[in-house]
Amino acid sequence: MEELLFKNGDVALHAVTAGPNSGPVVLLLHGFPEFWYGWHRQIEPLAAAGFRVIVPDQRGYNFSSKPAGAAAYALTELVSDITAIADQLGQEKIFLAGHDWGAAVAWSTALLHPERIAKLVVLNVPHPSVMRKFLSTRPRQLFRSWYMFFFQLPWLPEALFSAFNYAIGRRSLIRSSRPGTFSKEDLAQYGAAWSQPGALSAMINWYRALFRIRARFPDKIVRVPTRILWGQRDAFLLPKMAHESLRYCTNAELFTFANATHWLQHEEPARVSELLIDFFRG
């Protein structure tokens, strides 16, 4: 793997890349509280299949810029990072995949700039309209999303997350995943990323921006070919939202994993890689 640096105005985006320079570009977006490493088991298979794989640290994470204030993490700003990367790669269209918050950015990019996305894959996050609907009408989903409201508080979330060498962050990954999913080495990698100056506030500011700056989509229908992958044992998001998301797509298919949790690409790495390669090649 190589390291690259992309620019979007004053924001620098660190990324790792692999695969042939002439291959079709696949951009993989991580979620909270991960960084590029969240896709580390998919990079080599995609590169071996002939794709040019780009895996950025999204803004606020690890080695990428961490602009101050919640407004810098509005969805429109996050989407602009994706189009800036595509522009600097000289790509009119890219293949885009995202997990967790990365999936939210991927959905939003496909809604705001469908002309830039050849195909879309999302893991364990529903279409934005479905998320809003379930948060406002389903008490079970509201209960599962309690942490989103907690993150609206100033300084306290950062203080608790960083206490005892990020014990809460490590425990959350372990308890919400299948046994053995995250190794000691994995957790050390995450601890190093979380300890980057300003990272915790920047990561949590994504949630603060979500509540304060609502993204508006002129068209709520995703009109690019879409594949949804969903671990049914997700502790944070109701499985029904995956099925509901199909209604907001003109061309979509859903693959469910009965024994997988929210951390799907970690628990089923080979199958996720296979589904990405098959879809992007097809």
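Analysis parameters
Residues numbered from 1 in each chain as written. Predicted model: local features only at pLDDT ≥ 70, side-chain atom pairs only at ≥ 80, totals over all residues. Heavy atoms only, no water. Helix = DSSP H or I, 4+ residues; strand = E, 2+ residues; numbered from the N terminus. Buried < 20%, exposed > 50% of the residue type's maximum accessible area, 1.4 Å probe, protein only. Contact = heavy atoms within 4.5 Å. Areas by Shrake-Rupley, 256 points an atom, 1.4 Å probe, with all protein chains shown as cover. Patch = residues over 30% accessible without salt bridge, like charges linked within 9 Å, V, L, I, M, F, W, Y side chains within 5 Å. Salt bridge = Lys/Arg side-chain N within 4 Å of Asp/Glu carboxyl O. Lys, Arg positive; Asp, Glu negative; His and termini not counted. Polar contact = N/O pair within 3.5 Å; in protein donor to acceptor, adjacent residues only side chain to side chain. Pairing = 2+ DSSP bridges. Axes fitted to C-alpha atoms, helices over the stretch in contact; angles between N-to-C directions.

Now for the overall build of the protein chain. The secondary structure content of the protein chain amounts to 12 helices and eight strands. With respect to the principal axes defined by its C-alpha atoms, the protein chain has extents near 45 × 40 × 40 Å. In the protein chain, which comprises 282 residues, the proportion classed as buried is 57%. By sequence separation, contacts in the protein chain at least 24 residues apart represent 75% of the contacts at least 6 residues apart. By element, 55% of the accessible surface of the protein chain is carried by carbon and sulfur atoms, the whole surface being about 11,900 Å².

What follows is about a nonpolar patch on the surface. Together, L142, F149, L210 and F211 make up a nonpolar patch on the protein surface, roughly 330 Å² of accessible area in all. According to the relative accessible area criterion, L142 is partly exposed, its value standing at 38%.

Now for the environment of Y147. Within the element layout of this structure, Y147 appears in helix 6 (residues 146–150). Placed 10 residues apart in sequence, Y147 and P157 show a C-alpha to C-alpha distance of 9.3 Å. With sequence-adjacent residues up to four places away left out, Y147 is seen in contact with Y207 and F236.

Mapped onto the fold, D57 is located in the loop between strand 4 (52–56) and helix 2 (75–88). It turns out D57 is buried and unbridged, and the closest side chain with the opposite charge, K66, is 7.5 Å from it. For D57, the side chain forms a polar contact with the side chain of H14, separated by 2.7 Å. At a separation of 3.0 Å, a polar atom in the side chain of D57 contacts the main-chain amide nitrogen of W36. Aside from chain neighbours lying at most four places away, what touches D57 is L13, H14, A15, H30, F35, W36, N62, F63 and S64.

In spatial order, the strands read 1-2-4-3-5-6-7-8; together these eight strands make up an open sheet with mixed pairing. Each end of this open sheet is capped by a strand with a single partner; those strands are strand 1 (2–8) and strand 8 (252–257). Adjacent strand axes in the sheet meet at a mean angle of 20°, parallel and antiparallel pairs treated alike. When strand 7 (residues 226–231) meets strand 8, the two strands line up parallel, connected through six bridges. Counterpart to T226 in the pairing with strand 8 is A252. Relative to strand 4, helix 1 (residues 40–48) is tilted by about 160°, and along the sheet it contacts strand 2 (11–18), strand 3 (25–29) and strand 4. Sheet strands in contact with helix 12 (residues 269–281) are strand 3, strand 5 (94–99), strand 6 (117–123), strand 7 and strand 8, and its direction is about 160° off that of strand 6.

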